[in-house]
Amino acid sequence: MAAPIRREIRFLLNGETVTLSDVRPDDLLLDFLRLRRSLRGTKEGCAEGDCGACTVLVGRLLDGELVYETVNACIRFVGSLDACHVVTIEHLRGENGGLHPVQQALVDSHGSQCGFCTPGFVLSLYALWMREPNPSDARIEKALQGNLCRCTGYEPIMRAARAISSYGDAGRDPLALERADLKARLIDLKDGARVEIGSGKDRLIVPASVEDFADALVAEPQATVVAGSTDVGLWVTKQMRDISPVIFIGGLAELQTITDHENGIRIGAGVSYSQAREFLAQRIPALGPLVDRIGGEQVRNMGTIGGNIANGSPIGDTPPPLIALGASLTLRRGNDRRCIPLEDYFLAYGKQDRQPGEFVESVHVPYPAEDGHFAVYKISKRRDEDITAALGAFNVQIRDGVVASARIAYGGMAATPKRAKAVEEALIGKPWSEETVAAAQEVYAIDYQPLTDMRASAQYRLLASKNLLLRFYLETTGTSQPFKIKRYEEA
Amino acid sequence: MGNHPVQDLKAARIKGGVHTSERHDSAHKHVSGAAIYIDDIAEPAGTLHAGLGFSTVAHGVIKSMDLSEVRRAPGVVTVLTAQDVPGVNDISPSGMNDDPILADGKVEFHGQPIFCVIAETRHQARRAARLARVEYEELPGVIDIWDLDAESHKQVFTPLTLKRGDAPEAIAKAPRRVKGRMRLGGQDHFYLEGQISLAVPGEDDEVTVYCSTQGPSETQHMIAQALGVASHAVTVEIRRMGGGFGGKETQANQTAVLAAIAAKKLGRPVKLRLDRDEDMMATGKRHDFAIDYDIGFDDEGRILGVDYTFALRAGFSADLSGPVGDRALFHCDNTYFFPHVVAKSALLKTNTVSNTAFRGFGGPQGMVGAERVIEEVAFAVGKDPLEIRKLNFYDPMGSEGERNVTPYHQKVEDCIIQQIVAELEEKADYAGRRREIAAFNANSRYIKRGLALTPVKFGISFTKTESNQAGALVHVYADGSVHMNHGGTEMGQGLHLKVAQVVAEEFQIDLDRVRITATTTGKVPNTSPTAASSGADLNGMAAQNAARQIKKRLIDFAADKFGVPHEQVVFLPNRVRVGNQEIPFNEIVRLAYMSRVQLSAAGFYKTPKIHWDRSAGKGHAFYYFAYGAACSEVSVDTLTGEYVLERTDILHDVGRSLNPAIDLGQIEGGFIQGAGWLTTEELVWDDKGRLRTHGPSTYKIPLASDRPKIFNVALTDWSQAYEPTIHRSKAVGEPPLPLGISVLHALSDAVASVCDHKVCPRLDAPATPERVLMTIERLKAEAGR
C-alpha cells in the first residue's frame, strides 16, 4: 500500500515547530536560518563543510534514541530535516539564563579573538560535552577537526574545552532535561508519510520507507539521491548545479543498520561514519583510526559509507580498505537485488556499475582472516580533515614466513580505487622479508601511474605508496624500531 | 559593558586598567552569536545583492563580452562593467593606477573581476554571473617566478637596494663561501569572514558603506574616487572583522567600491559578499619568494658579508608589493649583524592575483632568508645552528660594541635577544634535548627527531612615514560614562579593549564605564590602516591624548571651583581627590557640565624619531624592535615525510604588556599561523594560472590537532619598551608570526639527520610531507655519492 503523501516538511527549530510547504530541493539550512529566520549567529565561512563556522546541532531519532550531532548547516538541505531538531547558537543558555557552561568557559579562557568561528566551536564542544563531560585532549581534538580558527592557535580553546564541566553539570543542561519531551515531539512528527513538495524543476521527495524509496527511484531514475549531502551540498554551493528532483534518504532507519552478518559486517548504505565508527573499530581495529581521519566530525555525522562508495570518487577513503577486505555490494532496483564484488563497481573515472533506478543498499565486509594482517594508511598534506593524497590498504596472510595471500588496494593512485595486482603477485608465495618487499616495490609502477595535482605529485604518490608497503611489513613483523609517528597512542 | 555598573568608590585600583588580563570586550557576544559582522546587519528594506563575473584566462584581451543572458536571468536588476564606474576605474593603493575595479579590455589574471551582477538575491546574482559569454584573445602569461631573471623581468614598482660596506669584496675575501637559493611559498589569509561590503545610499551624493576593512579611510577615499565625489560624501564604518591578517588592508576596497557604485546607481542598498572560493581566487595573498644568497664567513661561523636578492611574485599589479619587498629587506638580517651586506628586492610582475599585505608584510620572508643563511653557515662549519646564531647576534643593549648597525644604517639600541635566547635555552632544556635527540636518532632508522631554536627581531613602525599618525575621539557624557572612538579597527586582536584600558586608566574609572564603538570615518578622519602591528601603539596614544585634554579641563575646573592648587586635584579609582575631599568621578563630571566645561576631545599622535630615505636606503625606519624566540621539536616519518610537532617553547617580548592575556593569544595564534605558512599551507597554481587551492578542502591551515603537543608560551616579565611607548608596551600583532620559523628548522634538523648532518638540507617551504620526503631522498642520494 502506498504511503500517504504530505506536502510539507516538519521539524523543530530550537523551541518551535516549523512547518514548511515552500521548500525547494536545493534550499540549504544555513540560508534558511540566516535569511528566513534572521538567526545570524550561525556563520558562513566556506560553504563546503570544511571550516565549521556554520556548525549547528541536529537531533534525530536513531535506534529509538534522540541523538544530537553536529552538522555543517552550509551543506545540509532543509528537505533532509523532516522530524529532526535543529539547535542553533541562539538556543544555548545557562541554568540561570546567563551564558551556557561551554560559552562561559570559552570567555574565561580567552578562547575567541575575531569571534567569527566561535559559535561553531561552541556547538562542537557542546555536542562533545553532552556525550563526554570530561574528554581527553585526543577526544577534544577529534571533536574539533571540523572547526577552523585562524586567530587563536587553538590553545585557549583547548583550555576551555577541558574546563567546561567545572562550569556546569551536563546532566542539568536544558536539552538533557527536555530530552523526553523533545523525543515525544519528534516521534509525533514521524507520521509514516512520504513528503513530496514542488513540481518540475523544483521537486523533492522524502520517502516513507526503503520500499517507498525504491519505488520512487524507479519512477524517477534521474533523481539525485541525497543521504548525507557532504558531496551533493557542494554541487549546489560551488557548482550551482540544478539537482531536482531530489530524493532525501537520510531519514530512512532501515538503511541505517550495521550488523554482524555471514562472517563479516553488513553496513546499510545510510550508516554514517560516526554511527559505524565504534562497530567497525571493535571488529576490524584498523578501520577506527581511518574513520577518524575522514572529514571533520560534522562531515562524519552526515556522510555515509554508502555515499562514499556510490559516488565513485577515486579518493574516497572507504573503498580501498573494503576492496582489500573483499567486500561486496548489494544494489537494488525496485525489488530486484544483485550482489557484486565492490572492486567491480568502479568502472572508470566517474563511472560506476549502477543502472538507472538502482541504488546501493548495503555493503558486506568480510572479516580479515584470523591469521591475517590488515592495515590502512592514509597520507594527506594535513593529518586531519584532509582529502587523501594516497591511501593504501593491506590484507595479507603470512604462513610459515611465506605470503599465503595478499589483497592490496589504493586510493588516490588511479582514476578509481584500485587493487595492486602486480604487487600482490610479487608477494604471494614469497618469504615475508625486506627483500620481498623491495622487489614488490619495484612493480608499483605497473599497477599505478598516478597524477600530479594540488594534493601531491605523481612522484611523491608513487614513492610514499611504495614505502607504505615497507611500513606494513614493519608493523607485521613486530620490529622494535619506531616506524610510525603518532600524536596520541591510538585507542 | 553594562548600563549602570556599580562603582567601588573606595577601590585601591580600578577594574580593567592597563597591564591587566581583561577578557575580550566582545567575548560574551562571540560565544553567543550576538556579535554583529557585516553580513549579520539587518539589511535595510529593498537591499539588493551583487555577484561577480571573473576572467577565465590568465592573460588576454577581451574580444567580446555578451551579457544578455546574464541580464535576462531571474532576479537580475542590472550588470555593471568598467564603463559603469562614474569616477576613476582604479583602486591602486600605490599610485600606479594599475588596479582596475573591473577589468577594462584586458585581463591580467585568472579570476580577475570583469563584471558585477546586481540581483534580488545573492543566489540569483551568482548564478546569473555564470551565464556570461566572454571571448578572449589569449596572450602568453607568466605564472611562476622561479625561472624568471630578476634583473630583466618586468617589475611592478621600483625595487629597493640596501647596502652597507662592500659585500662582494668581503665575500670574495672571506675564508669560506656558500651560495644558494631558496623557494618560499605564499599564504592565503583565510580570515574566517570573507570580503564583504554593504552600501546604503544617502541623500545627494552621500553613501554609507559598512565594510570589513582594516583601512576605513583608504576605503572611503577609494569609494570617493570611484564615484567621482568628495571624500566628505562617503562614510565607511566597521565594528569588527572576522579576521583580517593584512588581507583587508587594501583587498577590502573592491567589494566596497562595487557595492557603493551599484547602490548609488540604483538608489537601493547593495551587499556584495564573496564566496570563499571567489575570495581566494580574486584577492591577494602573502608573497612567495625566490631568495638568492651568497655568504662569506670565517671558519668559526662568523658572517663577514652577505649578498641577497629577494625576488617576489607581485602578481599583476603593484598593490603593496613595493613596501612588502622593502620590509623583507629590512628583516633579512633578523637578529644578526652583517659587517658587509647588499640586499636587493625584485618585484616581479606575473599574471596572477596581486599579492598584498599579510601579517609580517614581507618581514617573515626576510627572516626566513636570514635563518637559511645561518643554517648554511652552520652546516659548512659543522656546528649547531644555535651556536652560529649566538655568534652573529647584534650587540646587546647598552654595550659599547660596534656590531649594532642594520643594513639600512639604523643603530639597534634595544637588543635583548641574548637574554631571551639564554632564558629560553634554559627553560626548554635545549642542550639536554639536543643530546637525547641525537641518541634517539642514532637508534631509529625510520623516525627521526629534530630540534631548532630560532630568534625574532621585528621592526615596529610603518616605513611610510605619514602612516605613523592616529586620531581618537573621546566624549565624557554628563553621567560620567565615556564614549571612546579611534581610527583603529578591530579584527580580533583586542585593539579596542586595549585602547579602552588606556582610557580607563587615564580617567581612573572602571573599564565598564568606557563604551567601545564602531570605527567610522565620520568620527576620526584620515586614519592609517590597522596594520604594521601599530594599532595599540598609535591609537592608544591618540586616545590617551584625548583623555588627557579632558582631564586637564576637569582639573582646571575642580581647582577653580574648590579653590585648591592644581596639584591637589588627583584622579583616584572612580573618584577625584580635591584638596581634602573625595568626589565621585560622575559627580565631578556632572558639576563640570553644569559649569559648561567641554567634555569632548579629539586626540592625536604621531610617532617621533622615525625617518626613512628610500632612495638612499638609509634612515631610522623603526621606532623600536620587538623580540622573541621559539624552540620547536618535531618527529618525522622518513618513509612518507609526515611529521608531528612534539613541543614548542616560546619566550616573547611585548615590553610592559597592556593586556597579558590578549598578548599571549596573539603570540600563540601568530606562531601557529607562521607554522602553518611554512608547513601545510600550500598554494598551487596550474600552468594556466588557475589557483587549484581555493578552499579549505584543498588549502590546509592548521587544526587544533596540528598545534604542538606541548606548548609553553611566556612573556618576558622583565622587558619594557626602550622608547616611551604607550605605558612602555610593545607591538604584538606581527612579531610572533615568524616564531613559526622554528618549526621549519626543526624539520630541517630532522631531515639532516638522515645523513648525519653532513649536508645542509636546504628544505624549502612550505615543508609539506611531500617536500620533506623529497628532501630526505635528495640528501640520501647526495650523501651516498
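Residues numbered from 1 in each chain as written. Chains lettered and ligands numbered in written order. Predicted model: local features only at pLDDT ≥ 70, side-chain atom pairs only at ≥ 80, totals over all residues. Heavy atoms only, no water.

A. Region of the structure containing the overall build of chain B. Scanning chain B from terminus to terminus reveals 18 helices and 29 strands. Taking 28 Å as the expected radius of gyration for a compact globule of 785 residues, we find that chain B reaches 27 Å, a close match to that expectation. Dimensions of chain B along its principal axes, counting C-alpha atoms only, are 90 × 75 × 50 Å. By the burial criterion, 68% of the 785 residues in chain B qualify as buried. Considering only contacts within chain B whose residues lie at least 6 apart along the sequence, 80% involve residues at least 24 apart. Of the accessible surface of chain B, which amounts to about 25,500 Å², a share of 49% is contributed by carbon and sulfur atoms. Treating the 88 positive side-chain charges of chain B as one cloud and the 98 negative ones as another, the clouds have centres 2 Å apart. (Helix = DSSP H or I, 4+ residues; strand = E, 2+ residues; numbered from the N terminus. Rg over C-alpha atoms; globule rule 2.2 N^0.38 Å. Buried < 20%, exposed > 50% of the residue type's maximum accessible area, 1.4 Å probe, protein only. Contact = heavy atoms within 4.5 Å. Areas by Shrake-Rupley, 256 points an atom, 1.4 Å probe, with all protein chains shown as cover. Lys, Arg positive; Asp, Glu negative; His and termini not counted. Charge placed at Lys NZ, Arg CZ, Asp CG, Glu CD.)

B. Region of interest: the packing of helix H9 (residues 363-381) of chain B against helix H10 (residues 385-392) of chain B. Residues and elements named next belong to chain B. Look at H9 against H10: their axes get within 8 Å of each other, and the N-to-C directions meet at 115 degrees. Here the hand of the crossing between H9 and H10 comes out right-handed. Taken together, the residues of H10 that come into contact with H9 (itself represented by Glu371, Ile374, Val377, Ala378 and Val381) are Pro385, Ile388, Arg389 and Asn392. Along the lines of polarity and charge, the residues of the contact of H9 with H10 split into 6 nonpolar, 1 polar and 2 charged. (Axes fitted to C-alpha atoms, helices over the stretch in contact; angles between N-to-C directions. Left-handed = near helix turned anticlockwise from the far one by under 90°. Nonpolar A, V, L, I, M, F, W, Y, C, P; charged D, E, K, R; others polar.)

C. Representation of the environment of Pro113 of chain B. Residue and element names in this part refer to chain B. Structurally, Pro113 can be placed in strand S5 (residues 113-119). Counting along the chain gives 368 residues from Pro113 to Ser481, while the straight-line C-alpha distance between them is 47 Å. Beyond its immediate sequence surroundings of up to four residues, Pro113 is in contact with Leu52, Gly53, Phe54, Ile101, Leu102, Ala103 and Gln254.

D. Representation of the nonpolar core in the model. Counting residues in each nonpolar core, the largest one holds 163 residues, and the members touching the most others are Ile295, Tyr308, Phe507, Phe585 and Phe671 of chain B. At 13 residues, the largest contribution of residues to this core is made by helix H14 (residues 535-562) of chain B. Apart from residues lying up to four places away in sequence, Phe585 of chain B is in contact with Val476, Gly480, Phe507, Ile509, Leu554, Phe571, Asn574, Arg575 and Val576 of chain B. Core analysis: the second largest hydrophobic core is formed by 66 residues, Ile89 and Leu128 of chain A together with Phe190 and Tyr699 of chain B among them. (Core = buried A, V, L, I, M, F, W, Y, C linked by side-chain atoms within 4.5 Å.)

E. The arrangement of the environment of Gly53 of chain B in detail. Residues and elements named next belong to chain B. Structurally, Gly53 can be placed in strand S1 (residues 48-54). By relative accessible area, which is 2% here, Gly53 ends up buried. On a C-alpha basis, the gap between Gly53 and Tyr593 in space is 56 Å, while along the polypeptide they are 540 residues apart.

F. Structural detail: the sheet that holds strand S8 (residues 176-184) of chain B. Residues and elements named next belong to chain B. The mixed open sheet is built from 5 strands, whose spatial order is S7-S15-S14-S13-S8. Lying at the two open borders of the sheet, with one neighbouring strand each, are strand S7 (161-164) and S8. Each strand of the sheet is rotated relative to its neighbour by a mean of 10 degrees, with strand direction disregarded. Here S8 pairs with strand S13 (residues 289-297) via 9 bridges, running antiparallel. Note that in S13 the partner of Arg183 across the bridge is Ala290. Here H9 sits on the sheet in contact with S8, S13 and strand S14 (303-315), set at roughly 40 degrees to S13. (Pairing = 2+ DSSP bridges.)

G. The arrangement of the domain arrangement of chain B in detail. Residues and elements named next belong to chain B. Domain annotation of chain B identifies domain 1 (27-35 + 469-606) and domain 2 (411-464 + 623-785). A C-alpha centroid distance of 39 Å is found between domain 1 and domain 2. On the domain 2 side, the residues contacting the 21 residues of domain 1 number 20 residues. Across the interface of domain 1 and domain 2, roughly 1,500 Å² is buried in total on both sides, 61% from carbon and sulfur atoms. Three residues, Lys498, Ser533 and Asp537, lead the burial of domain 1 against domain 2; their summed loss comes to 38% of the area buried on that side. Taken together, the links from domain 1 to domain 2 amount to 1 salt bridge. We note a salt bridge from Lys498 to Asp663, for which the minimum N-O separation is 2.6 Å. Of all elements in the fold, only helix H13 (495-507) and H14 reach the threshold of two or more residues within the side of domain 1 that touches domain 2. In terms of residues, the side of domain 1 that touches domain 2 owes the most to one element, H14, which gives 6 residues. (Domains from an automatic or database assignment. Buried area = accessible area lost by both parts, 1.4 Å probe. Salt bridge = Lys/Arg side-chain N within 4 Å of Asp/Glu carboxyl O.)

H. Structural view of the packing of aromatic side chains. Tallied over the full model, the rule gives 29 aromatic pairs over all chains. Seen from their ring centres, Tyr444 of chain A and Tyr448 of chain A are 6.4 Å apart, and the 40 degrees between their planes marks the pair as tilted. Residue classification places Tyr444 of chain A among the buried residues on the basis of a relative accessible area of 0%. By relative accessible area, Tyr448 of chain A is classed as buried at 1%. Put simply, the rings of Tyr377, Phe394, Tyr410, Trp432, Tyr444, Tyr448, Phe472 and Tyr473 of chain A pair up and form one aromatic cluster. Across from the ring centre of Trp677 of chain B, 4.7 Å away, lies the NZ or CZ of Arg286 of chain B, which sits over that ring. It is Arg313 of chain B that lies over the ring of Trp685 of chain B; its NZ or CZ is 4.3 Å from the centre. (Phe/Tyr/Trp six-rings, centres within 6.5 Å; stacked < 30°, edge-to-face > 60°. Lys NZ or Arg CZ within 6 Å of the ring centre and 35° of its normal.)

I. Structural view of the interface of chain A and chain B. Across the contact, 86 residues belong to chain A and 89 residues belong to chain B. Considering only the surface of chain A that becomes buried against chain B, Arg150, Lys381 and Ile485 of chain A emerge as the three largest contributors, covering 13% of it. Here Asp40 of chain B ties to Lys43 of chain A by a salt bridge, and the two come within 2.5 Å at their closest N and O atoms. For the pair chain A and chain B, the interface holds 51 residue pairs in polar contact (both at pLDDT 80 or more). At the level of elements, helix H1 (29-36), helix H2 (101-108), helix H3 (118-131), helix H4 (137-143), helix H5 (155-163), strand S18 (372-379) and helix H19 (458-477) of chain A are the ones that each hand at least two residues to the side of chain A that touches chain B. (Polar contact = N/O pair within 3.5 Å; in protein donor to acceptor, adjacent residues only side chain to side chain.)

J. Here's a closer look at the domain arrangement of chain A. Residues and elements named next belong to chain A. The assigned domain composition of chain A is domain 1 (5-89 + 180-248), domain 2 (101-172), domain 3 (253-366) and domain 4 (373-477). In this assembly, 24 residues from domain 3 lie in contact with 26 residues from domain 4. Summed over both partners, the interface of domain 3 with domain 4 buries about 2,000 Å², with 62% contributed by carbon and sulfur atoms. For domain 3, the biggest contributors to the area lost against domain 4 are Arg293, Ile315 and Ala324; these three give 32% of the whole.

K. Spotlight on the UniProt feature "domain: FAD-binding PCMH-type" (unreviewed entry) in chain A. The UniProt entry lists residues 197-370 of chain A under the feature "domain: FAD-binding PCMH-type" (unreviewed entry), expressed in the numbering used here. Between the C-alpha atoms that bound residues 197-370 of chain A there is a distance of 51 Å. The span itself is 32% helix and 28% strand. (UniProt positions renumbered as here; feature names shortened; annotations may be inferred.)

L. Molecular detail of helix H16 (residues 660-678) of chain B. All names here are of chain B. In this model, H16 (19 residues) spans 27 Å end to end at C-alpha, consistent with the 27 Å of a helix rising 1.5 Å per residue. Burial analysis of H16 places 17 of its 19 residues in the buried class, the great majority of the element. Of the residues that open H16, the one with a side-chain oxygen 3.1 Å from the backbone nitrogen of Ala661 is Asn659. (Expected span 1.5 Å × (residues − 1).)

M. Focus on empty space enclosed by the protein. For the coordinates displayed, the defined rule picks out 16 cavities of 30 Å³ or more. Its boundaries defined by the atoms lining it, the largest cavity holds a volume of some 180 Å³. Surrounding the largest cavity, 15 residues form its lining, Ile91, Asp99, Gln251, Gln254 and Phe316 of chain B being those nearest its centre. Taken together, the residues of the lining of the largest cavity break down into 8 nonpolar, 5 polar and 2 charged. Taken as a whole, the second largest cavity holds about 150 Å³ of empty space. Forming the walls of the second largest cavity are 19 residues, and the residues nearest its centre are Glu44 and Phe116 of chain A together with Glu193, Gly194 and Arg273 of chain B. Tallied by class, residues from the lining of the second largest cavity come to 7 nonpolar, 2 polar and 10 charged. (1 Å grid on protein atoms, 1.4 Å probe; cavity = no way out; pocket = protein on both sides within 12 Å on 5 of 7 lines; lining within 4 Å. Points joined across faces, edges and corners; volume = space filled by probe spheres on them.)

N. Highlighting the sheet that holds strand S11 (residues 258-260) of chain A. Residue and element names in this part refer to chain A. In space, the 5 strands of this open sheet follow the order S11-S12-S17-S13-S14, with antiparallel pairing throughout. In this open sheet, the two edge strands, each paired with only one partner strand, are S11 and strand S14 (336-341). Across the sheet, the mean angle from the axis of one strand to that of its neighbour is 20 degrees, orientation sign disregarded. The pairing of strand S13 (residues 328-333) with S14 spans 6 bridges and is antiparallel. Each bridged residue has a counterpart across the sheet, and for Leu329 the counterpart in S14 is Ile340. Packed onto the sheet, helix H8 (residues 210-219) meets S13 and strand S17 (358-366) and runs at close to 130 degrees relative to S17.

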